[in-house]
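Chains, contacts and geometry: an overview
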Amino acid sequence: MTEPARLSAGAEQMEEQESAAMQLMKHEKEAGVPSNELSSANAATDQKGQPASEIRSSYGYHSTARPENSDMSKSLMTDHDASRNSELNLPVYGSCSAMESSEDSEEDMYRDAEEIEREKILLCETSSSEYKLSVAPEMDIMEYCRKEWRGDTPVAKRMRKGYEAVAQKFASIRRVRGDNYCALRATLFQALSQATKLPSWMEIEDFTMLPEKLISKYNWIQQWQLKQKLGRKMGEISDEIKEYLILLRKKWKSISEIKGSIEKQTACEKLFKNEEEEYSLYEALKFLMLNTAIELYNDDKNGRRVPVFSWLLFARDTSSNPCQLMHNHLNHIGHNGGLEQVEMFLLAYTLQYTIQVYRLYKYSTDEFITLYPNDPEEDWPVVILITEDDRHYNIPVRMYQETRL
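This structure is a prediction, so every number in the text was calculated from the model and none was measured.

Now for the confidence of the model for the chain. Averaged over the chain, the pLDDT score is 76; the fraction of residues at 70 or greater is 64%. Element-level pLDDT for the chain is lowest in helix 2 (residues 40-47), with a mean of 41, against a maximum mean of 97 in strand 3 (residues 354-359). Low pLDDT (under 50) marks residues 1-12, which in the prediction has three contacts with non-local residues, meaning those over four places away or in another chain. Within the model, the stretch residues 118-131 combines pLDDT values under 50 with 12 contacts to residues more than four positions away or in other chains.

Here you go:
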């Protein structure tokens, strides 16, 4: 039998679709995102109708955090009973399987070669972290939208609608540098820029003794990984994290005492241009998140009431207890992963701040504006962020006076 001279139109179309699907899966694998997650963030990127290298500038992102499925709560709640039986005092090298850290020199998948080269040249010329801007100057929010979402695809139209809704309340946006710390960076920048006093939990006398106290009780915390500084001894980790906590309290106190809003913003911008201090603050926040997780875990095992997100946090196969949470999640924030949705709840609960997020890809749904936690205390301050995909967060600014309560 001889083969047909050419495929039918239908066969050709099917072959092209299969080829396109294989290319997309290959792209997802190379970008570090599971191939089955082709909606939300990745769909948004593809729908812009631009090459990936042209989508984001130096504030681009490559976080591995993922948008949650709407059925996530149900599936996690089913596994809750099993996860509650996990013991906290686990062997140092037991069921706590540490994931490999990625190289710190990982290229930004969302910048083109020219932009990456420009930044390298700038860093060589300045040889100083003072010029690495973590939070960009504000720009008109609709101008930003028009620049980022020019296509006529359904996703682009939804994003524009989302930005239009946000623009009813905010005039500008500040882009946040995306290096897997972006959720911590955006939240902390907002919290400090409007701080008027120290949080009550930071005024406790033994606040800075927390690392020593926890490590003496849970020896697996010796495996805490600081950015670019792995394998420290117990005392060294304790002392360094203590320094980070002291710095966090010092900076929060000094900025909160500044009266003028312009002066306060200037102080925040100066802090977030100092890379060494900035990343030290993020490590302090991560450790405080671990402390909160341990408290919630112990409260639940002792029959005390805990927020629902705590059940979800420890219902995951990768974080059924605080030890696994540290190894498989917290240790990787800023290295090769960002905050997942349930960890946004943990961050908010740790800071005792309500984090209100405009989730643009959820426009026209009940999840367009999401609160972390969803049942906050009335006296908690509020910080407001904006995201296109639950992976990278920017900051809306200049709220119109008439919209304030």
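On to unusual backbone geometry, then. Glycine aside, a negative phi is what most residues show, and trans is what most peptide bonds show. For the bond from Tyr372 to Pro373, the omega torsion is -10 degrees, close enough to zero to count as cis. Relative to the helices and strands, Pro373 resides in the loop between strand 4 (369-372) and strand 5 (382-387). At Ser364, a position not held by glycine, the phi torsion is positive, near 75 degrees. On the basis of relative accessibility, which here comes to 60%, the residue Ser364 falls in the exposed class.

Moving residue by residue along a regular strand, the side chains alternate between the two faces of the sheet. A large share of strand 2 (residues 170-174) lies buried, amounting to five of its five residues. Two strands pair when backbone bridges link them, and strand 1 (residues 139-140) and strand 2 are joined in this way by two bridges, in the antiparallel orientation. Paired with Asp140 across the two strands is Ser172, which belongs to strand 2.

Right, let's get into the pattern of salt bridges. Under the counting rule described, the total for this entry stands at 15 salt bridges. In this structure, the salt-bridge partner of Glu138 is Arg398, at a minimum N-O distance of 2.4 Å. Of this pair, Glu138 sits in the loop between helix 5 (113-126) and strand 1 while Arg398 sits in strand 6 (residues 393-399), and the two are 260 residues apart along the sequence. Looking at Glu138, the relative accessible area reads 33%, which means it is partly exposed.

This paragraph deals with the sheet that holds strand 1. Taken in spatial order, the six strands line up as 1-2-6-5-3-4 in an open sheet, and their pairing is mixed. Among the strands making up the open sheet, the edge pair consists of strand 1 and strand 4. One ladder, built from six bridges, connects strand 3 with strand 5; its direction is parallel. Across the sheet, the residue bridging to Ile355 is Val383, located in strand 5.

How each quantity is defined
- Residues numbered from 1 in each chain as written.
- Predicted model: local features only at pLDDT ≥ 70, side-chain atom pairs only at ≥ 80, totals over all residues.
- Heavy atoms only, no water.
- pLDDT = per-residue confidence, 0-100.
- Helix = DSSP H or I, 4+ residues; strand = E, 2+ residues; numbered from the N terminus.
- Contact = heavy atoms within 4.5 Å.
- Buried < 20%, exposed > 50% of the residue type's maximum accessible area, 1.4 Å probe, protein only.
- Pairing = 2+ DSSP bridges.
- Salt bridge = Lys/Arg side-chain N within 4 Å of Asp/Glu carboxyl O.

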